[in-house]
Amino acid sequence: MPIITISVTGKPDAKLAAAIAKDITEITAAQLRKDPTITAVVVNYIDPQHWFAGGKSLAEHGANTFWLDIKVVDGTNTKLELEAYLKAIFEAFGRLLNGVHEESYALVHEVPAAAYGYGGKSQEFRFISGRLKAA
């Protein structure tokens, strides 16, 4: 688990969305040690005429951009891991989108384990259950 929401400039493209989901899932597994089998990715497309950086549309800039928003459990990654992740994400989108505007962003939300989960169970519940089984 994490959930990753991504917005990119351009027209909807299923092949590109699949490539983005694959690459970002792999980077998330490699840099943040998140299980790729329970990583969810949503890819949204925004017309570059409707996305602005520095007061000009990305269409005017003649560039692409992205916004990546990921939620992970607080304390599961170090600052160095987060730094490496952000760098790898920016490089990946540079390849995937044939270059990106400098004002492309990623945000890692570190959320409390008790407030985050899937399948109706929090990550805190999963942690405690795992510890009890190990005992």
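Residues numbered from 1 in each chain as written. Predicted model: local features only at pLDDT ≥ 70, side-chain atom pairs only at ≥ 80, totals over all residues. Heavy atoms only, no water.

Worth spelling out the cut-off: UniProt positions are given in the numbering used here, feature names are shortened, and annotations may be inferred rather than shown by experiment.
Under an unreviewed UniProt entry, the name given to the chain is 4-oxalocrotonate tautomerase family protein, and the source organism is Mesorhizobium montanum. Regarding the chain, the UniProt comment filed under Sequence similarities (unreviewed entry) reads as follows: "Belongs to the 4-oxalocrotonate tautomerase family."

## With respect to the overall build of the chain
As a reminder, the rule being used: Helix and strand assignments come from DSSP, with helices taken as H or I runs of at least 4 residues and strands as E runs of at least 2, each series counted from the N terminus. For the exposure calls, accessible area comes from a 1.4 Å probe over protein chains only, and a residue counts as buried if that area is under 20% of its type's maximum, exposed if over 50%, partly exposed in between. What makes two residues a contact is simply this: any of their non-hydrogen atoms within 4.5 Å. Residue-level accessible areas treat just the shown protein chains as cover; the underlying method is Shrake-Rupley with a 1.4 Å probe. When charges are counted, Lys and Arg contribute as positive and Asp and Glu as negative, whereas His and the chain ends are disregarded. Note on charges: their place is set at NZ of Lys, CZ of Arg, CG of Asp or CD of Glu.
Of regular secondary structure, the chain possesses four helices and eight strands. Overall size of the chain, expressed as C-alpha extent along the three principal axes, is 60 × 30 × 25 Å. Here the chain holds 135 residues, and 37% of them are scored as buried. Long-range contacts, defined here as pairs at least 24 residues apart, represent 77% of the contacts in the chain between residues at least 6 apart. Entry remark: accessible area of the chain is about 7,900 Å², with carbon and sulfur atoms responsible for 57%. On the chain, the mean spot of the 14 positive side-chain charges and the mean spot of the 15 negative ones are 7 Å from each other.

## Describing the nonpolar core
Short version of the rule: Buried Ala, Val, Leu, Ile, Met, Phe, Trp, Tyr and Cys residues form a nonpolar core when they are joined through side-chain atoms within 4.5 Å.
I24, L68, Y85 and F93 are the most contacted members of the largest nonpolar core, which has 24 residues in total. The biggest single contributor to this core is helix α3 (residues 79-96), with seven residues. Once you skip the residues sitting within four places of it in the chain, Y85 turns out to touch I4, I24, I27, T28, Q31, L32, L68, I70 and V108. Within the second largest apolar cluster, five residues are counted, among which are M1, V73, V111 and A113.

## Details of the packing of helix α1 (residues 14-32) against α3
Here is the rule: For helices, the fitted line uses only the C-alpha atoms of the stretch in contact; every axis is such a line through C-alpha atoms, and the angle between N-to-C directions lies from 0 to 180 degrees. When describing relative orientation, an angle under 35 degrees is termed roughly parallel and one over 145 degrees roughly antiparallel, while 65 to 115 degrees is termed roughly perpendicular and anything else oblique. Note on convention: near helix rotated counterclockwise from far helix by under a right angle means a left-handed crossing. Clockwise means right-handed.
In the contact formed by α1 and α3, the axes pass within 10 Å of each other and the chain directions differ by 160 degrees. Put simply, α1 runs roughly antiparallel to α3. In this structure, the crossing between α1 and α3 has a hand that is right-handed. Two secondary-structure elements touch here, α1 through L16, A19, I20, D23, I24, I27, T28, Q31 and L32 and α3 through E81, L82, A84, Y85, A88, I89, A92, F93 and L96.

## Observations regarding the side chain of S7
If you trace the backbone, S7 turns up in strand β1 (residues 3-9). Once you skip the residues sitting within four places of it in the chain, S7 turns out to touch N44, I46, W51, T65, F66 and W67.

## Some points on the pattern of salt bridges
Side chains that carry opposite charge are capable of pairing whenever their charged atoms lie near each other. Rules: Salt bridge, as used here, is a side-chain nitrogen of Lys or Arg placed within 4 Å of a carboxyl oxygen of Asp or Glu.
According to the stated counting rule, one finds three salt bridges in the structure shown. Of the charged contacts in the structure, one is a salt bridge between E26 and K22, with a shortest N-O distance of 2.9 Å. You can see E26 and its partner K22 sitting in helix α1, four residues apart, about one turn around the helix. Residue E26 is classed as partly exposed on the basis of its relative accessible area, which comes to 44%.

## Section: the UniProt feature "domain: 4-oxalocrotonate tautomerase-like" (unreviewed entry) in the chain
In the numbering adopted here, UniProt assigns the feature "domain: 4-oxalocrotonate tautomerase-like" (unreviewed entry) to residues 2-59. Span residues 2-59 is 36% helix and 31% strand, its end C-alpha atoms 32 Å apart.

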